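Structural overview
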Amino acid sequence: SNYSEEPSRHPSLKINAKEPFNAEPPRQALVSSYVTPTEFFYKRNHGPIPVVDDIERYHVSVNGLIEKPKELFMKDILNLPKYNVTATLQCAGNRRTAMSKTRTVRGVGWDISALGNAIWGGAKLADVLELVGIPKLTSTTPAGGKHVEFVSIDRCKEENGGPYKASIPLSQATDPEADVLLAYEMNGETLNRDHGYPLRVVVPGVIGARSVKWLDSINIDSQECQGFFMQKDYKMFPPSVNWDNINWSTRRPQMDFPVQSAICSLEDVNVGRKGKIAIKGYAVSGGGRGIERVDISIDGGKTWMEASRYQKPGLEYIADEERSDKWAWVLFEAEADVHSNAEIVAKAVDTAANVQPENVEDIWNLRGILNTSWHRVHVQVRH
Ligand code: MTE
Ligand code: MO
């Protein structure tokens, strides 16, 4: 593995692992704008960032259980209708550090910023698959294809030096409403190397691990991807399962993200004068389920008030009719009067009335994924 050609990154990112490069922005950066600036968008990698320098020759091979296997060049992708989809990408490991404090977990530590909200520009996968003869809203091809596997250019140790890969169901891939993209733009600019140049998959509403960067090939298969990150990672186990009794085949790969929220305007412990404090953060759910409500408590969850919520345009040049915000986070805001030491809590409710769990212990799992427990911060009043 070769880390001599890594891109430059913003100095304020907090580096959780250097090689492969894993970093997140400071909390405050997330609530400074509805669309996360690319330089502050978390970076989650499993190997060195690949170098693609001959864009004329770059292509995606589409093969497997289809009638017309094909090589798609960048011009073929650019010829398809372009969509801009505002979608929040969140790593399943977001908030892992807090989970590891109850009991040790395995994985890169993350505070609350392993997510970001971007405007992704690209072709719909449903349109791309039509080019190889798969109609919209297909769940099985005549040859028995049911899953769409994405294989990357990068190399990682978990795959024994092979490429990163993942899959989604064919029914989702061919559903134009699912907004799955092969994206070549992020926030109105050419996708940069860290985020998957020249082409990445964006699967809105699903954990980040399925949004494969640096796409090399697409494979239509009868079964889901058998790669490490689908079969031996990114699965949710109960608290009773440990490294001695784990049986990976008993669980499905995690897809949709559960409802999540966190407070970004405050650190874990804040010392200040008594008086008004601003409580700001993000809330997001998976599967296209929007956020119904965000509740805030300043007494550790005994009493609650409702925060105000907003989703607002980031980049003015994108026409309203091209926008779609159902995959995007909402930012929330509340103000509270704090007179003595306080435990401030946020919990969100999605449109299906799913609520974040109260305690991290109840959802502890050995890989430390999906920590969606109530987010708590502490304010200590100085007299
Ligand atoms: N794709 C490739 N090829 N290699 C990777 O390591 N990491 C995945 C996903 N796609 C990864 C990948 C994970 S776990 C996440 S959370 C997202 O990319 C992170 O995307 P970002 O770095 O653009 O934020
Ligand atoms: Mo991830």
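To keep things clear, this report deals only with the structure shown in the data block. (Residues numbered from 1 in each chain as written. Chains lettered and ligands numbered in written order. Predicted model: local features only at pLDDT ≥ 70, side-chain atom pairs only at ≥ 80, totals over all residues. Heavy atoms only, no water.)

Overview of the pairing of strand E21 (residues 342-350)
Quick reminder of the rule: Burial classes: relative accessible area under 20% of the type maximum marks a residue as buried, over 50% as exposed, and values in between as partly exposed (1.4 Å probe, protein chains only). Note on conventions: DSSP H or I runs of at least 4 residues are helices, E runs of at least 2 residues are strands, and numbering of each starts at the N terminus. Strand pairing follows a simple DSSP-based rule, namely that at least 2 bridges must link the two strands.
The buried fraction of E21 amounts to 8 of the 9 residues, a majority that puts the element mostly inside the structure. Pairing between strand E17 (residues 291-297) and E21: 6 bridges, direction antiparallel. Residue pairing for E21: Ser297 is matched across the bridge by Val345.

As for the pattern of salt bridges
Keep this limit in mind: Salt bridge, as used here: a side-chain nitrogen of Lys or Arg that lies within 4 Å of a carboxyl oxygen of Asp or Glu.
Under the definition given, this model contains 21 salt bridges. A salt bridge links Glu6 to Arg9, with the nearest nitrogen and oxygen atoms 3.0 Å apart. The exposure class assigned to Glu6 is partly exposed, which follows from its relative accessible area of 22%. Asp268 serves as the salt-bridge partner of Arg27, at 2.9 Å between the closest nitrogen and oxygen. Separated by 241 residues along the polypeptide, Arg27 in helix H1 (residues 27-30) and Asp268 in the loop between strand E14 (260-263) and strand E15 (269-272) bring together distant segments of the chain. Arg27 gets classed as buried once you look at its relative accessible area, which sits at 2%. For Asp268, a relative accessible area of 35% gives the class partly exposed.

Observations concerning the sheet that holds strand E16 (residues 275-284)
Our working definition: With axes taken as lines fitted to C-alpha atoms, and helix axes fitted only over the stretch in contact, angles between N-to-C directions fall between 0 and 180 degrees.
Taken together, the 4 strands give an open sheet; going across it, the order is E14-E16-E20-E19, and neighbouring strands pair in antiparallel fashion. A single partner strand is all that each edge strand has here, and the edge strands are E14 and strand E19 (308-310). Going from strand to strand, the sheet's axes swing by 25 degrees on average, the running direction of each strand aside. Pairing geometry for E14 and E16, over 4 bridges, is antiparallel.

Things to note about the sheet that holds strand E1 (residues 14-17)
Ordered in space as E1-E2-E3, the 3 strands form an open sheet in which the pairing is antiparallel. Both outer strands of the open sheet, E1 and strand E3 (43-44), are each paired with one neighbouring strand and no more. Sheet analysis places strand E2 (residues 22-24) next to E3, joined by 2 bridges and oriented antiparallel. Bridge pairing in E3 places Ala23 opposite Lys43.

Some words on the site of ligand 1
Rules: Working definition: residue near molecule or strand if any one of its non-hydrogen atoms lies within 4 Å of it. The term polar contact refers here to a pair of N or O atoms within 3.5 Å; inside protein, the definition further demands a hydrogen-donor-capable atom paired with an acceptor-capable atom, and it admits residues adjacent in sequence only when both atoms are side-chain atoms. Per-residue and other accessible areas follow the Shrake-Rupley method at a 1.4 Å probe size, with only the shown protein chains counted as cover for residues. Each cavity reported here is a set of points on a 1 Å grid over the protein atoms alone in which a 1.4 Å probe fits but cannot get out, each pocket an open set with protein on both sides within 12 Å along at least five of seven lines, and each lining residue one with an atom within 4 Å of a point. Those molecules having more than half of their atoms within 2 Å of a cavity or pocket grid point set are described as sitting in that cavity or pocket.
Among the 20 residues in the neighbourhood of ligand 1, the closest are listed as Tyr42, His46, His195, Arg200 and Lys213. Interatomic distance of 2.7 Å between a side-chain N/O atom of His195 and an oxygen atom of ligand 1. In isolation ligand 1 exposes 530 Å². Once the protein is present, 100% of that is buried. Because more than half of its atoms lie within 2 Å of the grid, ligand 1 is assigned to the largest cavity. Broken down by secondary-structure element, the contributors of at least two residues to the shell around ligand 1 are E3 and strand E8 (147-155).

Here's the deal with the layout of surface pockets
The condition that has to hold: Grid points are joined across faces, edges and corners, and a volume is the space filled by probe spheres set on the points. Three residue categories are used. Nonpolar comprises Ala, Val, Leu, Ile, Met, Phe, Trp, Tyr, Cys and Pro, charged comprises Asp, Glu, Lys and Arg, and polar comprises the others, including Gly. Throughout, the edges of the domains are those of an automatic or database domain assignment.
Looking at the largest pocket, its volume works out to about 450 Å³. Lining the largest pocket are 22 residues, with Ala98, Lys101, Asp268, His375 and Arg376 positioned closest to its centre. When contributions to the lining of the largest pocket are tallied by element, the ones reaching two or more residues are helix H3 (96-100) and strand E22 (375-381). A per-element tally of the lining of the largest pocket places E22 first, with 3 residues. In terms of residue class, the lining of the largest pocket is built from 5 nonpolar, 8 polar and 9 charged. A domain split of the lining of the largest pocket shows at least three residues from each of domain 1 (14-250) and domain 2 (260-381).

With respect to the nonpolar core
Worth spelling out the cut-off: Throughout, nonpolar core names a set of buried Ala, Val, Leu, Ile, Met, Phe, Trp, Tyr and Cys residues whose side chains join them through atoms within 4.5 Å. Contact between two residues is taken to exist if any of their heavy atoms lie within 4.5 Å; hydrogens are not considered.
Counting residues in each nonpolar core, the largest one holds 62 residues, and the members touching the most others are Trp120, Leu125, Val148 and Ile218. For this core, the leading source of residues is strand E10 (residues 181-186), giving 5 residues. Split by domain, this core shows at least three residues from each of two domains, domain 1 (14-250) and domain 2 (260-381). Here Ile218 is in contact with Val60, Ser61, Val62, Asn63, Leu125, Val148, Glu149, Phe150 and Leu182, once residues within four sequence places are set aside.

So, the pairing of strand E4 (residues 59-64)
The pairing of E4 with strand E5 (residues 70-73) spans 4 bridges and is antiparallel. Pairing of His59 across the sheet is with Phe73, part of E5. Counting the residues that bridge the hairpin from E4 to E5 gives 5 residues.

A short note on the packing of aromatic side chains
Which entries qualify depends on this criterion: Stacked, edge-to-face and tilted are the three classes for Phe, Tyr and Trp ring pairs, Trp counted by its six-membered ring, which pair at centre distances within 6.5 Å; planes under 30 degrees apart are stacked, over 60 edge-to-face, the rest tilted. Counting as a charge over the ring demands two things of the Lys NZ or Arg CZ atom: a distance within 6 Å of the ring centre and an angle within 35 degrees of the ring normal.
Scanning the model with the defined rule gives 10 aromatic pairs in all. Measuring from centroid to centroid gives 6.4 Å for Phe229 and Tyr234, while their planes differ by 40 degrees, and the two rings are tilted. With a relative accessible area of 0%, Phe229 lands in the buried category. One aromatic cluster is present, formed by Phe41, Tyr42, Trp110 and Trp120 through successive ring pairs. Cation over ring: Arg103 sits above Trp364, and NZ or CZ is 3.7 Å from the ring centre. The lysine or arginine in question, Lys347, covers the ring of Trp304, its NZ or CZ lying 4.2 Å from the ring centre.

A few points about empty space enclosed by the protein
The full count for this structure, using the stated rule, is 2 cavities of 30 Å³ or more. By volume, the largest cavity amounts to about 240 Å³. Together, 20 residues line the largest cavity, and Arg44, Arg200, Gly208, Ser211 and Lys213 are the ones closest to its centre. Looking at side-chain class alone, the lining of the largest cavity contains 10 nonpolar, 5 polar and 5 charged residues. The volume enclosed by the second largest cavity comes to roughly 60 Å³.

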